[in-house]
Structure formats: C-alpha cells, structure tokens
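Single-letter residue listing:
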Amino acid sequence: MPMQNSPYNVSRASAATEPYPDAAKIFAYVAFASGAMLLTVFLFLMPRTALADEAAAEPIATLEQFIESLDSFEASFEQTLYDTDDQPLGKSVGTIKLKRPARFIWKYSSPEPQLILADGERIWMYDEDLDQVTVNDIDDRINGTPLQLLMNAGPLSDGFDIETLGKSDGIDWFGLTPITQSSDFEQVFIGLQGATIAAFELRDNFGQATQIIISDFEKDIQFDDALFTFDVPEGVDVIGLDE
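First, a word on what this report is: a plain description of the structure on this page.

## Describing the packing of aromatic side chains
As enumerated under the stated definition, the model contains 7 aromatic pairs in all. Arranged with centres 6.4 Å apart and planes meeting at 35°, the rings of Phe66 and Phe217 form a pair that is tilted. Taken together, the positions of Phe66 in helix H3 (residues 35-68) and Phe217 in strand E11 (residues 209-219) put the pair 151 residues apart, joining distant regions of the chain. Seen in terms of ring centroids, Trp124 and Phe230 are 5.4 Å apart; in terms of plane orientation they differ by 25°. Their pairing is stacked. Residue Trp124 is located in strand E5 (residues 122-127), and its partner Phe230 is located in the loop between E11 and strand E12 (237-239); the two are separated by 106 residues in the primary sequence. With relative accessibility at 7%, the residue Trp124 sits in the buried group. Take Phe230: its relative accessible area is 11%, and that puts it in the buried class. Each member of the aromatic cluster is reached from another via a ring pair, and the members are Phe66, Phe73 and Phe217.

Have a look at this one:
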C-alpha cells in the first residue's frame, strides 16, 4: 500500500471528486476568483501571505539546490502501480544509475527483466521476453516525468510549478505540476529525507498512480560514459532507429 500519510494517500482518498491536493485547490480557487475578491484578499492578508510565501520558499530552495547538485547517483527501487480505485495493479523492483547530462540505466529485475537506457541522445527500451528494442529521442520520452527533473541541471521552475506539502514520517514532500500540456503526468510528488531521495509518486492523466520507493541511494558516483551505451543483441528487432 502507499506510504502512510503521503501525498498519494491524501490525494487519492478524494480523487473521485477532488483531483488536486488541498494547497492546489486553494490556489485554483484564488486564481479564478473575481477581481474584487482578489483585491480584498490582497489588502487584508498581505502580511500573512508574505510570511507564508517566505516560509514555503525555503524548503523549495532546498529541493532545487538538491536537484541541481545531483550530478550522478545509483539506487534501488520498488515501483507499484495503482488503479483509479486505489487498488494495486502490479509491483516491480530494480535498480537505477544516472549521470548528467542525459544518461541513465533503469533496470527492472522482476517480475520480468526489462532495460531502459539513455545514452545522452536516445532512449533504448529493451524487452527481453519480446526480443525487441524500441528507440526514441530522449526529449520525446522524459518531458514532464521525474527523469526530466533528475536529468536536467536547469531550474525546476523551467519545467514544473512547485509547491511544498510539508513533512510526513520524516519525509519532506513537494508537489510538482508539469508546465507542458503534452506530459503524460498530471502531477509528480517527490519526497526528500535528509540528503537522499525517499520516494516519487506520480499521477497520470487517466487517474492511475505510480509510487516509486527509493532505497540504497548513493550520489556522486564516478560512472564512465561507456556504461550508458546500448549494444543491440543479435537477433533482436529494433523499432524506431533511423540510421
């Protein structure tokens, strides 16, 4: 099940009628209020709002600094997909290695072996059971996903609207909404625990959610670029390679 008191639980519990976390609902309400109401809020709540913005800015700055300084890391993960009724559809485990710029290896070990590798320009998705590799330009596959925020050294605010959701069970949670309308995800949650990534939680445009629990996180690994080269196995079909 999802982590107790995580954004996943809070948002999914009311997903049928209220698709956004409380903070986002408040923001949406204010954004669509009348001009007179906005003026009233500004006049009477300006000091309190300023203090709230200042308090929220500090953890967001911490998140941005953490992401921008993340040149490389490796970790293990446990990934669970949930349907629109909060029921688990499947669980998988594996490892990830990442090196900026634009290189990573996302390897599933169970229930079925699968490899997703980025070599700096393309993403190779290798399904061993199908003897098939699908190749895409890297930008076509990562926009609006957690890999975008991990792989790009630029400011998070370039790709996401960010809000702080507070701390739960020792994890500082943040909500990130992709700016691009072409993203497959409606919202991404990221949890930091000290100087490590604890979890990701993603909600897609179909009401399903994916939780990724991170363990054995280690940053600043000296990976050789050659590690992120995909050699097509003999006899495997390649789809999308335009050479």
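## Let's talk about the nonpolar core
If you look at the biggest cluster of nonpolar residues, it comprises 33 residues, and the most contacted ones within it are Leu63, Trp106, Leu176, Ile190, Ile197 and Phe217. Grouped together as the second largest cluster of nonpolar side chains are 12 residues, Leu115, Trp124, Val135 and Val236 included.

## Description of the environment of Gly159
With respect to the element layout, Gly159 can be found in the loop between helix H5 (146-151) and strand E7 (160-168). Given the relative accessible area of 13%, Gly159 is considered buried. Spatially, the C-alpha atom of Gly159 lies 6.0 Å from that of Pro178, the residues being 19 residues apart in sequence.

## Considerations on the pattern of salt bridges
Using the criterion set out here, one finds 4 salt bridges in the structure. Lys91 is the salt-bridge partner of Glu78, the closest N and O atoms lying 3.6 Å from each other. A residue pair is termed long-range when its members are at least 10 positions apart, and Glu78 in strand E1 (residues 72-82) and Lys91 in strand E2 (residues 88-99) qualify at 13 residues. Residue class for Lys91 comes out partly exposed when judged on its relative accessible area of 48%.

## Notes on unusual backbone geometry
For the peptide bond that leads from Arg100 to Pro101, omega is 0°, which places it in the cis range. In this fold, Pro101 is placed in the loop between E2 and strand E3 (103-110). For the peptide bond that leads from Ser110 to Pro111, omega is 10°, which places it in the cis range. If you trace the backbone, Pro111 turns up in the loop between E3 and strand E4 (114-119). Backbone geometry at Ala102 places phi at a positive 60°, although glycine is not the residue there.

## Let's talk about the pairing of E1
One ladder, built from 11 bridges, connects E1 with E2; its direction is antiparallel. If you follow Gln79 over to E2, its bridge partner there is Ser92. Counted along the chain from E1 to the antiparallel partner E2, the turn is 5 residues long, and its residue Asp86 has a positive phi close to 70°.

Rules and cut-offs
Residues numbered from 1 in each chain as written. Predicted model: local features only at pLDDT ≥ 70, side-chain atom pairs only at ≥ 80, totals over all residues. Heavy atoms only, no water. Phe/Tyr/Trp six-rings, centres within 6.5 Å; stacked < 30°, edge-to-face > 60°. Helix = DSSP H or I, 4+ residues; strand = E, 2+ residues; numbered from the N terminus. Buried < 20%, exposed > 50% of the residue type's maximum accessible area, 1.4 Å probe, protein only. Core = buried A, V, L, I, M, F, W, Y, C linked by side-chain atoms within 4.5 Å. Salt bridge = Lys/Arg side-chain N within 4 Å of Asp/Glu carboxyl O. Pairing = 2+ DSSP bridges.

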